[in-house]
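The lines below spell out each chain.
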Amino acid sequence: MNGTYAVTVGDRGRIVVPAELRERANLQEGTPLVMLDAPGGIVLLTRDQLREMVREELDALRAGS
């Protein structure tokens, strides 16, 4: 499930997601993505992935209370 892909920012700031990754992540044309500026770098997620990440972090906070 881990993979490293080299991409280049093209004209007008466009980034092409490699076909192999699009297939594995089930990304279709028009799939909404969210780009996070995180302390460790840039993170690209689908909305569903971001929603799940937030839920997990909130659950962890509640468990720690």
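Structure: see above.
Residues numbered from 1 in each chain as written. Predicted model: local features only at pLDDT ≥ 70, side-chain atom pairs only at ≥ 80, totals over all residues. Heavy atoms only, no water.

Thoughts on the overall build of the chain
For the chain, the count of helices and strands is two helices and two strands. From first element to last, N terminus to C terminus, the chain shows the α and β order α-β-β-α. Compactness check: the chain gives a C-alpha radius of gyration of 15 Å against a globular reference of 11 Å for 65 residues, more than 25% above the reference. For the chain, the proportion of its 65 residues judged to be buried stands at 6%. (Helix = DSSP H or I, 4+ residues; strand = E, 2+ residues; numbered from the N terminus. Rg over C-alpha atoms; globule rule 2.2 N^0.38 Å. Buried < 20%, exposed > 50% of the residue type's maximum accessible area, 1.4 Å probe, protein only.)

Section: the pattern of salt bridges
Per the stated rule, a full pass over the model turns up three salt bridges. Where R24 meets E20, a salt bridge forms, and the shortest distance between an N and an O atom there is 3.9 Å. Separated by four residues within a single helix, R24 and E20 lie in helix α1 (residues 19–24), roughly one turn from each other. Relative accessible area serves as the criterion here: at 44%, R24 is assigned to the partly exposed category. The shortest N-O distance in the salt bridge between D59 and R62 comes to 3.6 Å. (Salt bridge = Lys/Arg side-chain N within 4 Å of Asp/Glu carboxyl O.)

A closer look at the layout of surface pockets
Its volume calculated, the largest pocket comes out at about 670 Å³. With four residues, the single largest contributor to the lining of the largest pocket is strand β2 (residues 41–46). The residue inventory of the lining of the largest pocket, partitioned by class, reads 14 nonpolar, five polar and one charged. (1 Å grid on protein atoms, 1.4 Å probe; cavity = no way out; pocket = protein on both sides within 12 Å on 5 of 7 lines; lining within 4 Å. Points joined across faces, edges and corners; volume = space filled by probe spheres on them. Nonpolar A, V, L, I, M, F, W, Y, C, P; charged D, E, K, R; others polar.)

Re the environment of L33
Relative to the helices and strands, L33 is located in strand β1 (residues 33–38). Residue class for L33 comes out partly exposed when judged on its relative accessible area of 36%. The spatial distance from the C-alpha of L33 to the C-alpha of G10 is 18 Å, given a sequence separation of 23 residues. Apart from residues lying up to four places away in sequence, L33 is in contact with L27, L44, L45 and T46. (Contact = heavy atoms within 4.5 Å.)

Comments concerning the pairing of β1
Each regular strand carries side chains that alternate between the two faces of the sheet. Here β1 pairs with β2 via six bridges, running antiparallel. Residue pairing for β2: V34 is matched across the bridge by L45. Here β1 folds back onto β2, and the loop between the two strands holds two residues. (Pairing = 2+ DSSP bridges.)

Some remarks on the environment of A38
In this fold, A38 is placed in strand β1. The class of A38 is partly exposed, set by a relative accessible area of 26%. Placed 24 residues apart in sequence, A38 and R14 show a C-alpha to C-alpha distance of 20 Å.

So yeah, pure geometry; function would need other evidence.
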